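So the chains spell out like this:
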Amino acid sequence: GWSVTDVFGVWQNGLKTDRDELFFDFEKDSLSQRMRLFYAPKLEAQFREQYQVVASSSYDIEARRLATKFADANIRRCLYRPMDVRWLYYDPNLTSRPAEKVMKHMLGGPNLGLIASRQTQEKWDVLATYNLCGHKSCAAYDINSLFPLYLYEHSLSFDLGSKSTGSAHSLTKRPNFNTSFLKSLAAKLQLAKKGEHGLPAGLTPEDIFHYAYAVFHSPGYRTRYAEFLKIDFPRLPLTGNLELFRALARLGG
């Protein structure tokens, strides 16, 4: 099978704030009010002590506070723990470990992310999210990584027909699948690789994501590879039966 690190081109560990009590909340308004206090010109001593607004060797929160400013748009939904979605104040210039390599794509537009762990102390699992995700959003102790379905990129386009040569930035998206994986999948299913972005003909990115999600939730898969799943990322076996592929994709969806 294919390791998820070879299926997806871009992936990274989930984000980490190092100050969860400060940056996470169940209520958006409460978080907004707290962050306004955090950014007050003169930070109260009690607030500083309660939320540990003190620089450490790995996270200089005070320097980052002074270098940024409050923005309501930075309050985002985030999968904090399994089935536990909270509000998060997220600013790559403030958040301790923002995992911007993947999180920028979750914020770029509608997206779906696969969450999996490399090593597990607990019962192995895999989840999906439409939102940002923390570094322990799949299990309480195991560090997880996020594999976004789509990559959003800004491209520079030129209007050659204009009297004055102008340019504009446009946002494009493409599936986050490696070309070699798509080629192997197309060959296995005996499909022409003619789809957009090199996808096997007749398949969407969601079909492939859903197929993987179904396989990883299969009791047979989890039992057969139980020991392997404790020590490495899951690997995705490919079926050569298109009807079975589509049936699993429906279940995964």
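Details of the structure are given in the entry above.
The rules we used
- Residues numbered from 1 in each chain as written.
- Predicted model: local features only at pLDDT ≥ 70, side-chain atom pairs only at ≥ 80, totals over all residues.
- Heavy atoms only, no water.
- Salt bridge = Lys/Arg side-chain N within 4 Å of Asp/Glu carboxyl O.
- Buried < 20%, exposed > 50% of the residue type's maximum accessible area, 1.4 Å probe, protein only.
- Axes fitted to C-alpha atoms, helices over the stretch in contact; angles between N-to-C directions.
- Helix = DSSP H or I, 4+ residues; strand = E, 2+ residues; numbered from the N terminus.
- Parallel < 35°, antiparallel > 145°, perpendicular 65-115°, else oblique.
- Contact = heavy atoms within 4.5 Å.
- Nonpolar A, V, L, I, M, F, W, Y, C, P; charged D, E, K, R; others polar.
- Disulfide = S-S within 2.5 Å.
- Pairing = 2+ DSSP bridges.
- 1 Å grid on protein atoms, 1.4 Å probe; cavity = no way out; pocket = protein on both sides within 12 Å on 5 of 7 lines; lining within 4 Å.
- Points joined across faces, edges and corners; volume = space filled by probe spheres on them.

Let's shift gears to the pattern of salt bridges. Per the stated rule, a full pass over the model turns up 8 salt bridges. Of the charged contacts in the structure, one is a salt bridge between Asp 25 and Arg 34, with a shortest N-O distance of 2.9 Å. An identical accessibility class is assigned to Asp 25 and Arg 34; each is buried. Note that Glu 227 and Lys 230 form a salt bridge whose closest N and O atoms lie 3.2 Å from each other. Relative accessible area serves as the criterion here: at 55%, Glu 227 is assigned to the exposed category. Overlapping salt bridges, with partners in common, bring together Arg 48, Glu 62 and Arg 65 in one network.

What follows deals with the packing of helix α8 (residues 205-216) against helix α10 (residues 242-252). At their nearest, the axes of α8 and α10 sit 7 Å apart, and the two run at 80 degrees to each other. When the interaxial angle is binned, α8 and α10 end up roughly perpendicular. Of the residues in α10, those in contact with Asp 207, Ile 208, His 210, Tyr 211, Tyr 213, Ala 214 and Val 215 of α8 are Phe 245, Arg 246, Leu 248, Ala 249, Leu 251 and Gly 252. Among the residues making up the contact of α8 with α10, the classes are represented as 9 nonpolar, 2 polar and 2 charged.

What follows concerns the state of the cysteines. In this structure the tally under the stated criterion is 0 disulfides. Cysteine Cys 78 remains unbridged, with the sulfur of Cys 133 as its closest cysteine sulfur at 6.6 Å. On the accessibility criterion, Cys 133 (0% relative accessible area) is buried.

What the 4 strands build is an open sheet, ordered β2-β9-β6-β7; its pairing is antiparallel. Taken across any chain shown, the strands that pair with only one partner, and hence form the sheet edges, are β2 (12-13) and β7 (127-129). Two elements, β2 and strand β9 (residues 144-148), share 2 bridges in a ladder whose sense is antiparallel. Paired with Asn 13 across the bridge in β9 is Ser 145. Its contacts with the sheet put helix α6 (residues 100-108) on β2, β6 (113-117), β7 and β9, and the angle it makes with β9 is roughly 45 degrees.

Turning next to the environment of Lys 173. Tracing the backbone shows Lys 173 in strand β11 (residues 166-175). Along the backbone, Lys 173 and Gln 52 are 121 residues apart, and their C-alpha atoms lie at a distance of 39 Å. Beyond its immediate stretch of four places on either side in the chain, Lys 173 contacts Tyr 150, Leu 151, Tyr 152 and His 197.

Here the focus is the sheet that holds strand β8 (residues 132-133). Ordered in space as β3-β5-β4-β8, the 4 strands form an open sheet in which the pairing is mixed. Sheet topology places β3 (24-25) and β8 at the edges, where each strand pairs with a single neighbour. Bridging between strand β4 (residues 75-81) and strand β5 (residues 84-89) involves 6 bridges; their strand directions are antiparallel. By the bridge assignment for β5, Arg 76 is matched with Leu 88.

What follows concerns empty space enclosed by the protein. One way to see where empty space is left: roll a probe the size of a water molecule over the atoms. Following the criterion strictly, the structure yields 2 cavities of 30 Å³ or more and no others. In this structure, the largest cavity spans a volume of roughly 60 Å³. In terms of lining, the largest cavity is formed by Leu 15, Lys 16, Thr 17, Asp 20, Phe 24, Tyr 80, Arg 81, Gly 134, His 135 and Lys 136. Of the residues assigned to the lining of the largest cavity, the class counts are 3 nonpolar, 3 polar and 4 charged. Roughly 30 Å³ of internal volume is contained in the second largest cavity. Taken together, Ser 117, Thr 120, Lys 123, Asp 125, Cys 138, Ala 139 and Asp 142 make up the lining of the second largest cavity.

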